[in-house]
Amino acid sequence: QFEWVAGSGFVGRAKHARASLSEQYDLLKEHLGDDLRATLEDFLLARSAISSRVFGWQSLPGVESEEGVQFMVPLGDMFNHRSPKQIEWVFNASSGHLEYI
């Protein structure tokens, strides 16, 4: 699967990520049993779609969290495909929302 990137640092990272995601899938399968209808490939596709649409910050004013805060922003990445960027993401602590400026 990795022949076209052989020799790069990407291979190790990709294999590690794949192993981690496989462990997550196995954990779901262990807890859900036959109720889990998704295959590993289904899970990888869905997990990849979700993780590519998440924006996060480690610290936000007025928000206490050791893990940071993450926002699911479907289509949010489409607002900023120009160079130089014309959109800025800002967290509004009063409303608890992510805002585009």
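In this report, the structure presented in the accompanying data block is examined. Keep in mind it's a predicted model, so treat the numbers as computed, not measured.

About the thresholds
Residues numbered from 1 in each chain as written. Predicted model: local features only at pLDDT ≥ 70, side-chain atom pairs only at ≥ 80, totals over all residues. Heavy atoms only, no water. Helix = DSSP H or I, 4+ residues; strand = E, 2+ residues; numbered from the N terminus. Buried < 20%, exposed > 50% of the residue type's maximum accessible area, 1.4 Å probe, protein only. Contact = heavy atoms within 4.5 Å. Areas by Shrake-Rupley, 256 points an atom, 1.4 Å probe, with all protein chains shown as cover. Expected span 1.5 Å × (residues − 1). Salt bridge = Lys/Arg side-chain N within 4 Å of Asp/Glu carboxyl O. Pairing = 2+ DSSP bridges. 1 Å grid on protein atoms, 1.4 Å probe; cavity = no way out; pocket = protein on both sides within 12 Å on 5 of 7 lines; lining within 4 Å. Points joined across faces, edges and corners; volume = space filled by probe spheres on them. Nonpolar A, V, L, I, M, F, W, Y, C, P; charged D, E, K, R; others polar.

## Here we look at the overall build of the protein
In terms of helices and strands, the protein carries 2 helices and 4 strands. Seen in sequence order, the protein has helices and strands lined up from the N terminus as α-α-β-β-β-β. For the protein, the residues scored as buried account for 19% of the 101 residues in total. Long-range contacts, defined here as pairs at least 24 residues apart, represent 19% of the contacts in the protein between residues at least 6 apart. For the protein, the exposed area adds up to about 8200 Å²; of that, 54% sits on carbon and sulfur atoms.

## Examining the environment of F71
In this fold, F71 is placed in strand β2 (residues 69-72). Judged by its relative accessible area of 12%, F71 falls in the buried class. Residues F71 and L98, 27 residues apart in the sequence, show an inter-C-alpha distance of 7.6 Å.

## Let's talk about helix α1 (residues 10-32)
Here α1 spans 32 Å end to end across 23 residues, near enough to the 33 Å set by a 1.5 Å rise per residue. Those residues of α1 that sit buried are V11, A14, S22 and Y25. Against the buried residues of α1 lie α2 (40-51). After α1 finishes, the residue G33 shows a positive phi value of roughly 55°.

## Concerning the pattern of salt bridges
Enumeration over the complete set of coordinates arrives at 1 salt bridge. A salt bridge links R18 to E41, with the nearest nitrogen and oxygen atoms 3.1 Å apart. Here R18 is found in helix α1, whereas its partner E41 is found in helix α2, with 23 residues between them in sequence. Residue R18 is classed as partly exposed on the basis of its relative accessible area of 32%. In this structure E41 comes out as partly exposed when scored by relative accessible area, which is 48%.

## Let's talk about the pairing of strand β4 (residues 97-100)
In the sheet, strand β3 (residues 89-92) pairs with β4 via 4 bridges, with the strands oriented antiparallel. Residue pairing in the sheet places W89 in a bridge with Y100 of β4. Where β3 folds back onto β4 in an antiparallel hairpin, the turn is made up of 4 residues, including G96, whose phi is positive at roughly 75°.

## Looking at the layout of surface pockets
In this structure, the largest pocket occupies an estimated 170 Å³ of space. In terms of lining, the largest pocket is formed by A14, A17, R18, L21, E41, L44, R47, S48 and S51. Counting residues per element, the ones that place at least two in the lining of the largest pocket are α1 and α2. Of the residues in the lining of the largest pocket, the class split is 4 nonpolar, 2 polar and 3 charged.

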